[in-house]
Amino acid sequence: MSEAAHSTESSAGGPPQADGRAAAARIAGLPALELGALLALAALIFFFHLGRYGLWEPDEARYAEIAREMLAMRDFVVPHLNYIAYVEKPPLLYWLTAFSFSALGPTEFAARIWVAIAALLGVLATYVFTLRTFGRGHALLAGAILATAPLYSVMAQVLTTDMLLTALVTVAMFSFYLHWSEGGRWCWLFYAAMGLAILAKGPVGAVLPIISAMVFLAWQKNLGAVRRFHLIPGLALTLAIAAPWFIVITIREPGFFDFYFIGEHFRRALEPDYSHGGPFWYYLPVVFVGLLPYSMLVPFLTWRALPPNPARRFCVATAVVIFALFSFAGAKLVPYILPAMPPLAVLIADGIMSCAYPERTVRGPLRSPDSRILMEAGPLLGLLGAAAFIAGVAAPSMRTHYAMLAQPAIFAAGATLTLGGIVVAAAFYSRRTNAGLAALVLAVASTLLVFSYARILVEPERSYASLSRVVAQRAPDATLICYHRYVQALPFYTRRRVIVVGGLTELRFGAQRTPDRHDWFFTTDAELMRLWQRPGNAVLVIDAADLLRLQERLEPFTVIAAEGRKRAILKTREPIASN
């Protein structure tokens with residue numbers, strides 16, 4: 001809407017008939033400078049000190065090590081973790097990370113680079129979709145909201161499969177709508193993106209776009225439009241991309257089908273106690289906090305009587321479907337809701353633009369723009385700044401150590417929000433709408449950059465990178481043992497396999513099937529002591545409390561690395577051989 005040609009819905013809910021020449025003109029007139037500025041801002045946020053801090057436990061170190069072992073073992077079909085099969089996730093992220101390791105070396109930056117690139121792809125897809133369905137102003141704001149949404153920007157620097165899935169699902173969903181509204185070749189991008197999304201995180205990569213699409217078409221009373229999507233060849237393309245790996249690994253790894261499809265999908269979705277349970281309303285605060293401060297603006301927006309636009313309805317349908325599916329699922333984790341962020345960013349941008357530029361959106365007589373309706377954005381930023389100051393002051397009394405470690409970044413974020421709130425309020429009060437919106441986005445972006453230093457400050461609590469580097473340097477040939485915790489970072493930074501004493505957790509599938517499991521996996525303290533008494537150098541990575549309990553039985557040893565509760569001890573003398 002606004003700058004774009006207005007779409008209309010028929011009473012039957014049919015798709016708007018796009019003018020091919022008008023669509024081509026929109027592409028030809030793509031505002032390269034605006035898009036460049038948006039992508040530059042997003043890249044600054046996503047790549048800011050991307051490789052300056054160690055890989056966090058457990059996910060980042062796990063996925064990086066799987067990619068490293070792919071290169072080391074030259075096995076790009078069966079993912080391995082600690083040199084045993086690890087089949088909880090499909091391989092697309094591992095393949096990409098292995099490629100960046102081969103080009104850049106096995107560094108933190110190389111490990112995270114594809115996640116940041118995927119986040120950029122999501123912003124680009126959101127911009128292009130909004131440009132073609134609403135107009136330039138909407139597109140720029142929607143992309144900026146997505147890039148500066150706290151949940152999205154934080155996960156753009158975390159090595160997990162969630163951002164890659166989100167980017168590909170976003171491309172698939174928006175391509176579906178553009179094919180429905182414009183025709184052309186968008187449907188092939190829809191099917192290809194779904195195939196890649198399945199390779200990123202499994203069947204959910206197709207479930208989310210397909211259900212969202214069907215709900216939208218049903219809402220439009222236009223289910224017959226499915227015939228225009230080349231369904232059979234399109235799904236064949238999706239399967240051609242995704243199916244080969246699943247077929248090969250099912251043949252190579254007995255038990256994969258039951259473990260992956262039954263356990264990791266049906267049981268995880270239907271059984272609350274299977275993994276990461278949570279209440280039905282779990283994602284309500286996640287979405288609210290994940291979209292701050294924009295989510296605080298929503299109740300204040302007037303949501304004026306906008307001209308009908310099926311793209312708005314499509315975004316509502318996709319956001320509601322994603323939210324509902326993950327809310328009903330038994331397993332819940334914060335990043336799961338990420339695919340809802342792009343359509344929500346479009347909807348919030350639409351609401352803000354309707355208030356900022358009412359003469360462009362409201363039918364009937366034009367009215368003078370009065371962006372003072374958005375003036376509350378300034379006080380809301382100030383309120384968040386005050387909350388940050390209070391959190392910083394209260395940090396020493398909080399139960400978590402994270403708050404105290406991150407205290408300087410919390411205070412800096414509070415100051416940035418407060419100053420930004422003053423600038424935003426002044427701009428909107430003086431009816432400088434463009435300046436107000438730009439100040440709002442830049443204030444949030446600056447806060448994210450400032451607060452991102454918290455990652456470095458809390459690294460001792462969330463990463464074994466420093467300890468693992470010391471072990472690699474001081475005991476390059478020692479046997480490595482982890483006690484009651486498989487330290488994901490230890491094999492990555494030492495480039496060696498480790499012995500695990502205690503619960504197998506995510507290693508269970510591979511450990512039960514590897515022929516040398518009796519050499520690498522143990523359960524009892526007695527077995528630990530027998531390992532410790534073997535000839536040769538050995539390093540034990542253990543929590544401080546466990547070390548205190550077992551100290552007398554492990555002596556003599558030298559603590560070669562200590563950080564927080566983490567300890568790495570080196571056996572300091574050879575045991576006396578018994579006759």
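These figures come from a predicted structure and were not determined experimentally.

The helix and strand inventory of the protein chain stands at 29 helices and eight strands. In the protein chain, once contacts between residues fewer than 6 apart in sequence are set aside, the share between residues at least 24 apart is 75%. Carbon and sulfur atoms form 66% of the exposed surface of the protein chain, whose accessible area is close to 24,300 Å².

Attention shifts here to the sheet that holds strand S3 (residues 479–483). Strand order in the open sheet made by the six strands is S5-S4-S3-S6-S8-S7, with mixed pairing throughout. Edge strands, defined here as strands with exactly one partner in the open sheet, are strand S5 (521–522) and strand S7 (557–563). Note that S7 and strand S8 (residues 566–571) share six bridges and pair antiparallel. The partner of Glu563 across the bridge, within S8, is Lys566. Across the face of the sheet, helix H24 (residues 465–474) comes into contact with S3, strand S6 (538–543), S7 and S8 while running at roughly 145 degrees to S7. Most of the contacts of helix H28 (residues 525–532) go to S3, to which it runs at about 160 degrees, and overall it touches S3, strand S4 (499–501), S5, S6, S7 and S8.

Grouped together as the largest cluster of nonpolar side chains are 168 residues, with contacts concentrated most on Phe46 and Tyr152. No other element matches helix H8 (residues 162–182), which puts 14 residues into this core. Sequence-distant contacts of Phe46, defined by excluding residues within four places in its chain, comprise Ala116, Ala119, Leu120, Val123, Ala147, Tyr152, Ser153, Ala156 and Gln157. Counting 17 residues, the second largest nonpolar core, distinct from the first, contains Trp532, Ile542, Phe557 and Ile569.

A few words now on the pairing of S8. Most of S8 sits inside the fold, with five of its six residues counted as buried. Relative to S8, S6 is paired through five bridges, and the arrangement is antiparallel. Bridge pairing links Val541 to Ala568 in S8. Joining the antiparallel neighbours S7 and S8 is a turn of two residues, in which Gly564 adopts a positive phi near 60 degrees.

Here Asp525 is to be found in helix H28. Spatially, the C-alpha atoms of Asp525 and His484 are 9.9 Å apart, while their sequence positions differ by 41 residues. Contact partners of Asp525, with chain neighbours within four places excluded, come to Tyr483, His484, Arg549, Leu550 and Arg553.

A separate point is the packing of H8 against helix H16 (residues 341–356). Two elements in contact, H8 and H16, have axes separated by 9 Å at closest approach and are oriented at 60 degrees. As summarised for this structure, H8 and H16 are arranged oblique, according to the angle between their axes. Contacts between H8 and H16 involve Thr166, Thr170 and Phe174 from the former and Pro342, Pro343 and Val346 from the latter. Among the residues making up the contact of H8 with H16, the classes are represented as four nonpolar, two polar and no charged.

Here the focus is the packing of aromatic side chains. Tallied over the full model, the rule gives 27 aromatic pairs. Here the aromatic rings of Phe48 and Tyr453 are separated by 5.7 Å at their centres, their planes lie at 85 degrees, and the arrangement is edge-to-face. With Phe48 in the loop between helix H2 (32–47) and helix H3 (59–73) and Tyr453 in helix H22 (residues 453–457), this pair connects stretches of sequence that are 405 residues apart. Judged by its relative accessible area of 37%, Tyr453 falls in the partly exposed class. Geometrically, the ring pair formed by Phe492 and Tyr493 is edge-to-face, given 5.0 Å between the ring centres and 90 degrees between the ring planes. Taking the relative accessible area as the measure of exposure, Phe492 reaches 1% and is therefore buried. One aromatic cluster in this structure is built from Phe129, Phe174, Phe176, Tyr177, Trp180, Trp188, Phe190, Tyr191, Phe216, Phe229 and Phe314. Directly above the ring of Tyr63 sits Arg62, whose terminal nitrogen or CZ lies 5.8 Å from the centroid. The cationic tip of Arg495 hangs over the ring face of Phe492; the distance from NZ or CZ to the ring centre is 5.2 Å.

Time to look at the pattern of salt bridges. Applying the stated criterion across every chain, the model contains 15 salt bridges. Between Asp525 and Arg549 there is a salt bridge whose closest N-O contact spans 3.2 Å. Here Asp525, found in helix H28, pairs with Arg549, found in helix H29 (residues 544–554); they are 24 residues apart in sequence, far enough to count as distant. For Arg549, a relative accessible area of 46% corresponds to the partly exposed category. Three or more residues joined by partner-sharing salt bridges are found here, namely Asp59, Arg62 and Glu506.

Here we take up helix H15 (residues 310–328). Taking 1.5 Å per residue as the helical rise, H15 with its 19 residues ought to reach 27 Å, and the 27 Å between its terminal C-alpha atoms agrees with that figure. Here the buried face of H15 lies against helix H5 (108–133), H8, helix H10 (204–219), helix H13 (283–290) and H16.

Below, the discussion takes up the confidence of the model for the protein chain. Confidence in the prediction for the protein chain averages 88 pLDDT; 88% of positions are at 70 or higher. Contacts for the low-pLDDT stretch residues 362–370, under 50 throughout, to residues beyond four places or in other chains number 18 contacts. Between residues 575–579, whose pLDDT stays under 50, and residues either more than four places distant or in other chains, the model counts three contacts.

This next bit is on H2. Under the 1.5 Å per step criterion, the end-to-end length of H2 is 21 Å for 16 residues, consistent within 8% with the ideal 22 Å. Within H2, burial applies to Leu35, Leu38, Leu41, Ala42, Ile45 and Phe46. All buried residues of H2 lie within an arc of 130 degrees about the axis, which places them on one face of the element. In this structure, H2 carries Ala32 and Leu33 as exposed residues pointing more than 90 degrees from its buried face. Turning to H2, the residues buried within the fold contact H5, helix H6 (136–148), helix H7 (150–155) and helix H21 (433–451).

Criteria and thresholds
Residues numbered from 1 in each chain as written. Predicted model: local features only at pLDDT ≥ 70, side-chain atom pairs only at ≥ 80, totals over all residues. Heavy atoms only, no water. Helix = DSSP H or I, 4+ residues; strand = E, 2+ residues; numbered from the N terminus. Contact = heavy atoms within 4.5 Å. Areas by Shrake-Rupley, 256 points an atom, 1.4 Å probe, with all protein chains shown as cover. Pairing = 2+ DSSP bridges. Axes fitted to C-alpha atoms, helices over the stretch in contact; angles between N-to-C directions. Core = buried A, V, L, I, M, F, W, Y, C linked by side-chain atoms within 4.5 Å. Buried < 20%, exposed > 50% of the residue type's maximum accessible area, 1.4 Å probe, protein only. Parallel < 35°, antiparallel > 145°, perpendicular 65-115°, else oblique. Nonpolar A, V, L, I, M, F, W, Y, C, P; charged D, E, K, R; others polar. Phe/Tyr/Trp six-rings, centres within 6.5 Å; stacked < 30°, edge-to-face > 60°. Lys NZ or Arg CZ within 6 Å of the ring centre and 35° of its normal. Salt bridge = Lys/Arg side-chain N within 4 Å of Asp/Glu carboxyl O. Expected span 1.5 Å × (residues − 1). pLDDT = per-residue confidence, 0-100. Arc of directions from axis to C-beta.

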